[in-house]
Amino acid sequence: MRIIRDTLYLDPDDRGAAAAIGNFDGVHLGHQAVIDIARDAARHAKAPLGVMTFEPHPRSFFARSNTPFRLMNAEAKANRLEKLGVEKLYEVPFNAALAALTPEAFARDIIADRLGLAHVIVGADFCFGKDRAGDTAALERFGAEMGFGVTVAEMVDIADVPVSSTAIRTALSEGRPRDAAKMLGHWHRIEGEVVRGDQRGRDLDFPTANMAMADLHLPQFGVYAVKVDVLTGPHAGRYDGAASIGTRPTFGENVANCETYLFDFKGDLYGAHLSVALVEYLRPELKFTSVDSLIVQMDKDCDLARKVLVDV
């Protein structure tokens, strides 16, 4: 998959795609339905399959609060889209100039002129342009005038409940990763680089891979059974493990992060990129009165996680 961030100076080979447009936070089943329609449109038009999204997320640009909300960072989103067969990922920079475009100017300047998209596919709730003034009817009208096709995808429901990033955030906040996975169509994953922590896990004989969670929606704090893909480095591969998400209250006040212990693993993961899939919530985060009691609980957590992951 080719990731295109400089959309001002586009290679001619990157123009003419059939592209799904949206934020695609989580790349859930609703997003996948839109991409499936885009795949059919690309096949019919003999064009590349594309996705047009925005970085940073428009909600981050307009946010008046610092509460993290993203289900996945740009790296995780790109990894998921590549698995779906997307050939061209347009990461359009979202800035004041883009936010100020009228719906007509957005359709003309970005979709038609800058990216030269042959066909666009959007969800039924898609809005665009300044103050979100453009809707799907306007997009269809502009497409007819400017020479690009438009397909509007219906919303996807599970048990008559619309699939949405908001519903997935709620499931994760309540410690229900399996319910989140039903809406996502895949395990919710935390992806990023392994960074140096306080190395307490090593001292406790539970060396962990530490990952920052800045700008990400925080699942319920606690311990999870996880599937881990080491994406880069000499230890690349898939492992089972247990992860603790939270602020580590036993050791004072700390910034929330994700600490993952890989079962039956020996090696150095600093600098490697990991994808940690949350499979099952095992218990809430606790403050222990002693290191010994923490170690006893960690042994129990790992035993339970191994049992949970046997059939996953």
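Provided above is the structure to which this section pertains.
One structure accompanies this document, and this report is about it. (Residues numbered from 1 in each chain as written. Predicted model: local features only at pLDDT ≥ 70, side-chain atom pairs only at ≥ 80, totals over all residues. Heavy atoms only, no water.)

Our next topic: the overall build of the protein chain. For the protein chain, the helix and strand inventory stands at 10 helices and 14 strands. For 312 residues, the compact-globule estimate of 2.2 N^0.38 gives 20 Å, and the C-alpha radius of gyration of the protein chain, at 21 Å, lies within 12% of that figure. With respect to the principal axes defined by its C-alpha atoms, the protein chain has extents near 70 × 35 × 35 Å. The 312 residues of the protein chain split such that 48% are buried. If you take every contact in the protein chain between residues at least 6 apart in sequence, the share linking residues at least 24 apart comes to 74%. Carbon together with sulfur atoms contributes 50% to the accessible area of the protein chain, which is approximately 15000 Å² in total. (Helix = DSSP H or I, 4+ residues; strand = E, 2+ residues; numbered from the N terminus. Rg over C-alpha atoms; globule rule 2.2 N^0.38 Å. Buried < 20%, exposed > 50% of the residue type's maximum accessible area, 1.4 Å probe, protein only. Contact = heavy atoms within 4.5 Å. Areas by Shrake-Rupley, 256 points an atom, 1.4 Å probe, with all protein chains shown as cover.)

This brings us to helix 10 (residues 291-309). Taking 1.5 Å as the rise per residue, helix 10 with 19 residues should run 27 Å; its terminal C-alpha atoms sit 27 Å apart, in good agreement. Restricting attention to buried positions, one finds in helix 10 the residues Leu-294, Gln-297, Met-298, Asp-301, Cys-302, Ala-305, Val-308 and Leu-309. The buried residues of helix 10 occupy an angular sector of 145 degrees when projected down its axis, which confines them to one face. Those residues of helix 10 that are exposed and angled more than 90 degrees off the buried face are Asp-292, Lys-300 and Lys-307. Elements that come into contact with the buried residues of helix 10 comprise helix 8 (177-184), strand 11 (222-230), strand 12 (237-246), strand 13 (257-262) and strand 14 (273-284). (Expected span 1.5 Å × (residues − 1). Arc of directions from axis to C-beta.)

This part takes up the sheet that holds strand 9 (residues 188-193). Across the sheet, 6 strands lie side by side as 9-14-11-12-13-10; this open sheet has antiparallel pairing. With one partner strand each, in any of the chains shown, strand 9 and strand 10 (209-212) form the two edges of the open sheet. In this sheet, adjacent strand axes meet at a mean angle of 35 degrees when their direction is disregarded. Relative to strand 14, strand 9 is paired through 6 bridges, and the arrangement is antiparallel. (Pairing = 2+ DSSP bridges. Axes fitted to C-alpha atoms, helices over the stretch in contact; angles between N-to-C directions.)

For the rest of this paragraph, the subject is the packing of aromatic side chains. Counted by the stated rule, this structure contains 12 aromatic pairs. When the ring of Phe-126 is compared with that of Phe-128, the centres are 5.6 Å apart and the planes differ by 15 degrees; the resulting orientation is stacked. One exposure class covers both Phe-126 and Phe-128, and it is buried. Considering the side-chain rings of Phe-128 and Phe-142, the 6.4 Å spacing of their centres and the 85 degrees angle between planes classify their relative orientation as edge-to-face. Residue Phe-128 is found in the loop between strand 5 (119-123) and helix 6 (136-146), and its partner Phe-142 is found in helix 6; the two are separated by 14 residues along the sequence. For Phe-128, a relative accessible area of 3% corresponds to the buried category. Among the residues examined, Phe-142 registers a relative accessible area of 6% and is labelled buried. A network of ring pairs unites the aromatic residues Phe-54, Phe-61, Phe-62, Phe-94, Phe-106, Phe-126, Phe-128 and Phe-142 as a single cluster. Between the NZ or CZ atom of Arg-196 and the centre of the ring of Tyr-270, over which it lies, the distance is 3.9 Å. (Phe/Tyr/Trp six-rings, centres within 6.5 Å; stacked < 30°, edge-to-face > 60°. Lys NZ or Arg CZ within 6 Å of the ring centre and 35° of its normal.)

Ordered in space as 1-4-3-2-5-6, the 6 strands form an open sheet in which the pairing is parallel. Of all the strands in the sheet, just strand 1 (2-4) and strand 6 (149-153) have a single pairing partner and so form its edges. Shown here is a sheet whose adjacent strand axes are inclined to one another by a mean of 25 degrees, direction ignored. Relative to strand 5, strand 2 (residues 18-21) is paired through 3 bridges, and the arrangement is parallel. Along strand 5, the bridge assignment pairs Ala-18 with His-119. Running at roughly 160 degrees to strand 6, helix 6 makes contact with strand 5 and strand 6 of the sheet.

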